[in-house]
Amino acid sequence: QVQLVESGGGLVQAGGSLRLSCAASGRTFSSYAMAWFRQAPGKEREFVTGLNWSGGGTKYADSVKGRFTISRDNFKNTVSLQMNSLKLEDTAVYYCAASDRPTATTSPMQYIYWGQGTQVTVSS
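The rules behind each value
- Residues numbered from 1 in each chain as written.
- Predicted model: local features only at pLDDT ≥ 70, side-chain atom pairs only at ≥ 80, totals over all residues.
- Heavy atoms only, no water.
- Helix = DSSP H or I, 4+ residues; strand = E, 2+ residues; numbered from the N terminus.
- Rg over C-alpha atoms; globule rule 2.2 N^0.38 Å.
- Buried < 20%, exposed > 50% of the residue type's maximum accessible area, 1.4 Å probe, protein only.
- Contact = heavy atoms within 4.5 Å.
- Areas by Shrake-Rupley, 256 points an atom, 1.4 Å probe, with all protein chains shown as cover.
- Lys, Arg positive; Asp, Glu negative; His and termini not counted.
- Charge placed at Lys NZ, Arg CZ, Asp CG, Glu CD.
- Core = buried A, V, L, I, M, F, W, Y, C linked by side-chain atoms within 4.5 Å.
- Phe/Tyr/Trp six-rings, centres within 6.5 Å; stacked < 30°, edge-to-face > 60°.
- Pairing = 2+ DSSP bridges.
- Axes fitted to C-alpha atoms, helices over the stretch in contact; angles between N-to-C directions.

This brings us to the overall build of the protein. Across its full length, the protein carries 0 helices and 11 strands. In the protein, the order of α-helices and β-strands from amino to carboxyl end is β-β-β-β-β-β-β-β-β-β-β. Its C-alpha atoms give the protein a radius of gyration of 13 Å, within 12% of the compact-globule value 14 Å for 124 residues. Projected onto its principal axes, the C-alpha coordinates of the protein cover approximately 40 × 25 × 25 Å. For the protein, the proportion of its 124 residues judged to be buried stands at 43%. When contacts within the protein are restricted to residue pairs at least 6 apart in sequence, those whose partners lie at least 24 apart make up 59%. Per element, the accessible surface of the protein, about 6,300 Å² overall, is 49% carbon and sulfur. In the protein, which carries 12 positive and 8 negative side-chain charges, the distance between the mean positions of the two groups comes to 5 Å.

The structure is reproduced here in structure tokens:
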């Protein structure tokens, strides 16, 4: 069993930065692929970025490549998402997710543990 708690969301102006964190409980955290998804009002949940249990194999949605960076610390049981050059269209609830597999994919079906989400709002 893994429990995930996100933090770091908030209101930021376009072009600004935010750093999201996800704290995980559970002894097997380091065995799991992790990812961030987001869901904007009226839209489906979409993959943002993910990485393997080792921290390698990073994947990014095209819309965030070059602006967002995912990382993990298996000693601290945390996953972070650094978001730079934020755009209005980045506004969404961001969810941290953990897989029961070591390799990340973009499909939400792979991820069996989810955080409660944290709101990110980008203003003009």
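Read on, since the account is not over.
Grouped together as the largest cluster of nonpolar side chains are 29 residues, with contacts concentrated most on L4, M34, W36, F68, M83 and Y94. For this core, the elements supplying multiple residues, two or more each, are strand 3 (18–25), strand 4 (34–39), strand 5 (46–51), strand 7 (68–73), strand 8 (78–83), strand 9 (92–99) and strand 11 (118–123). Apart from residues lying up to four places away in sequence, M83 is in contact with G16, S17, L18, L20, R67, F68, Y94 and V120. Grouped together as the second largest cluster of nonpolar side chains are 7 residues, A35, F47, A104 and Y111 included.

The next subject is the packing of aromatic side chains. Under the defined criterion, the tally for this structure stands at 5 aromatic pairs. Taking the centre distance of 5.6 Å and the plane angle of 80 degrees together, the rings of F37 and F47 count as edge-to-face. Separated by 10 residues along the polypeptide, F37 in strand 4 and F47 in strand 5 bring together distant segments of the chain. Judged by relative accessible area, which is 0%, F37 ranks as buried. Residue classification places F47 among the buried residues on the basis of a relative accessible area of 10%.

Across a regular strand the side chains alternate sides, sitting on one face of the sheet and then on the other. Residues of strand 1 (residues 3–7) alternate between two faces, with L4 and E6 buried on one and Q3, V5 and S7 left unburied on the opposite face. Pairing of strand 1 with strand 3 involves 5 bridges; the strand directions are antiparallel. In the sheet register, S7 faces strand 3, and the bridge partner there is S21.

With that settled, consider the sheet that holds strand 1. Strand order in this open sheet of 4 strands is 1-3-8-7, and the pairing throughout is antiparallel. The open sheet is flanked by strand 1 and strand 7, the only strands paired with a single partner. The average angle at which neighbouring strand axes cross in this sheet is 15 degrees, direction not considered.

Let us now look at unusual backbone geometry. The phi torsion at N77 lies on the positive side, around 55 degrees, for a residue other than glycine. Relative to the elements of secondary structure, N77 occurs in the loop between strand 7 and strand 8.

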